[in-house]
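Notes for the structure review
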Amino acid sequence: MIRAAAAGVLGFILIFIESIIVMKLKGMETIEFGGITPFINIWAMNFFFVFAILTQLTNWYTNKTQFEEDNSY
């Protein structure tokens, strides 16, 4: 649940970071997304991207702490 909320917020922030990079590379001052639908689509792609990364980090941390607690390996 927290992972999904964090992915939603970070996905939204990632839109602005991506927009700033594109504006600087193209020498523009604004970006037109073409409406709300393309904006939502970009946000959804960023959401799933961040969610996948957070899931992998969570699994890595869980496995790491299990190995630290069990010294029989």
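This text goes with the structure placed above it.
Before going into details, it helps to say that this report is about the structure given with it. Since we're looking at a predicted model, the values are computed, not measured.

**Section: the overall build of the protein chain**
Scanning the protein chain for helices and strands turns up 2 helices and 0 strands. Here the C-alpha atoms of the protein chain give a radius of gyration of 18 Å, more than 25% beyond the 11 Å that 2.2 N^0.38 yields for 73 residues. Seen through its C-alpha atoms, the protein chain measures out along the principal axes to roughly 60 × 25 × 15 Å. When burial is assessed residue by residue, the protein chain has 14% of its 73 residues classed as buried. Of the contacts made within the protein chain by residues no fewer than 6 positions apart, 74% connect residues no fewer than 24 positions apart. When the accessible surface of the protein chain is totalled, it reaches about 6,000 Å², and 69% of it is carbon and sulfur. Of note, the protein chain has its 4 positive side-chain charges centred 7 Å away from the centre of its 6 negative side-chain charges.

**Some remarks on the packing of aromatic side chains**
One pass over the full model with this rule turns up 6 aromatic pairs. Centroid distance Phe-12 to Trp-43: 5.0 Å. Interplanar angle 55 degrees. Geometry classified as tilted. On the criterion of sequence distance, the pair formed by Phe-12 in helix H1 (residues 2-26) and Trp-43 in helix H2 (residues 36-69) is long-range, its members being 31 residues apart. When its relative accessible area of 29% is taken as the criterion, Trp-43 is described as partly exposed. Aromatic side chains Phe-47 and Phe-51 sit 5.9 Å apart centroid to centroid with 20 degrees between the ring planes, which places their arrangement in the stacked category. Of the two residues, Phe-47 and Phe-51 both sit in helix H2, 4 residues apart, roughly one turn of that helix. Here the aromatic cluster, defined as three or more aromatic residues joined through ring pairs, consists of Phe-12, Phe-16, Phe-33, Phe-39 and Trp-43.

**Re a nonpolar patch on the surface**
Residues Val-9, Leu-10, Ile-13, Ile-17, Ile-21 and Leu-25 make up a contiguous nonpolar surface patch of about 570 Å² in total accessible area. Here Val-9 shows up in helix H1.

Calculation criteria
Residues numbered from 1 in each chain as written. Predicted model: local features only at pLDDT ≥ 70, side-chain atom pairs only at ≥ 80, totals over all residues. Heavy atoms only, no water. Helix = DSSP H or I, 4+ residues; strand = E, 2+ residues; numbered from the N terminus. Rg over C-alpha atoms; globule rule 2.2 N^0.38 Å. Buried < 20%, exposed > 50% of the residue type's maximum accessible area, 1.4 Å probe, protein only. Contact = heavy atoms within 4.5 Å. Areas by Shrake-Rupley, 256 points an atom, 1.4 Å probe, with all protein chains shown as cover. Lys, Arg positive; Asp, Glu negative; His and termini not counted. Charge placed at Lys NZ, Arg CZ, Asp CG, Glu CD. Phe/Tyr/Trp six-rings, centres within 6.5 Å; stacked < 30°, edge-to-face > 60°. Patch = residues over 30% accessible without salt bridge, like charges linked within 9 Å, V, L, I, M, F, W, Y side chains within 5 Å. Salt bridge = Lys/Arg side-chain N within 4 Å of Asp/Glu carboxyl O.

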